[in-house]
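A structural walkthrough
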Amino acid sequence: MNLTVYLTGEIHTSWRDDIKKLAKEKDLPFTFVGPMEDHERSDYIGEEILGEQPSKIFTDDAASAINNIRTQVLLSKVM
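Residues numbered from 1 in each chain as written. Predicted model: local features only at pLDDT ≥ 70, side-chain atom pairs only at ≥ 80, totals over all residues. Heavy atoms only, no water.

1. Re the environment of Asp-38
Take Asp-38: it is sitting in the loop between strand E2 (30-33) and helix H2 (39-50). Sequence separation of Asp-38 and Asp-18 is 20 residues, and the distance between their C-alpha atoms is 17 Å. Reaching out from Asp-38, the side chain makes a polar contact with the backbone nitrogen of Arg-41 at a distance of 3.1 Å. (Helix = DSSP H or I, 4+ residues; strand = E, 2+ residues; numbered from the N terminus. Polar contact = N/O pair within 3.5 Å; in protein donor to acceptor, adjacent residues only side chain to side chain.)

Listed below in structure tokens is the structure:
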């Protein structure tokens, strides 16, 4: 049985890679998913999809909306 694990949390360190490595070493049946780990892409994904925004506030809001949709889709697949 394969389990999907959502690794939520900060994206600035390599803790996810450490967990994935340990799981692989122990041959655990896990598939890992999580938030967008590319910080630059995470910040501007809204503009990549929706186009240029009129201000930084709208850029952040658009990115947040797209990242939240991504998280909801991943979590719905896990449950």
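So much for the structure itself; the text now carries on.
2. Overview of the pattern of salt bridges
For the coordinates displayed, the defined rule picks out three salt bridges. In this structure, Glu-48 engages Arg-41 in a salt bridge whose closest nitrogen and oxygen atoms are separated by 2.8 Å. Using a relative accessible area of 36% as the deciding quantity, one classes Arg-41 as partly exposed. For Asp-60, the salt bridge identified is with Lys-56, shortest N-O distance 2.9 Å. Of the two residues, Asp-60 and Lys-56 are both situated in helix H3 (residues 56-78); the distance of four residues between them amounts to about one turn of the helix. Classification of Asp-60 as partly exposed rests on a relative accessible area of 39%. (Salt bridge = Lys/Arg side-chain N within 4 Å of Asp/Glu carboxyl O. Buried < 20%, exposed > 50% of the residue type's maximum accessible area, 1.4 Å probe, protein only.)

3. A closer look at the side chain of Arg-16
If you trace the backbone, Arg-16 turns up in helix H1 (residues 15-25). A polar contact is formed between the side chain of Arg-16 and the backbone oxygen of Glu-10, at a distance of 2.9 Å. Not counting the four nearest positions on each side in its chain, Arg-16 is found in contact with Leu-7, Thr-8, Gly-9, Glu-10, Ile-11, Pro-35 and Glu-37. (Contact = heavy atoms within 4.5 Å.)

4. Description of a nonpolar patch on the surface
Judged by side-chain polarity, Met-1, Leu-3, Leu-28 and Phe-30 come together as a nonpolar surface patch covering roughly 410 Å² of accessible area. Structurally, Met-1 is set in the segment before strand E1 (3-6). Owing to a relative accessible area of 84%, Met-1 belongs among the exposed residues under this scheme. (Patch = residues over 30% accessible without salt bridge, like charges linked within 9 Å, V, L, I, M, F, W, Y side chains within 5 Å. Areas by Shrake-Rupley, 256 points an atom, 1.4 Å probe, with all protein chains shown as cover.)

5. As for the side chain of Gln-53
Relative to the assigned elements, Gln-53 resides in the loop between H2 and H3. On the basis of relative accessible area, Gln-53 is assigned to the buried category, the value being 18%. Residues in contact with Gln-53, not counting those within four places in the same chain, are Glu-47, Phe-58, Thr-59 and Ala-62.

6. Brief notes about the pairing of E2
As defined by bridge partners, E1 adjoins E2 across four bridges and the pair is classed as parallel. The residue of E2 that forms the bridge with Thr-4 is Thr-31. In this fold, E1 hands off to H1, which returns the chain to E2; that crossover is right-handed. (Pairing = 2+ DSSP bridges. Right-handed = clockwise from strand over helix to strand, strands pointing away.)

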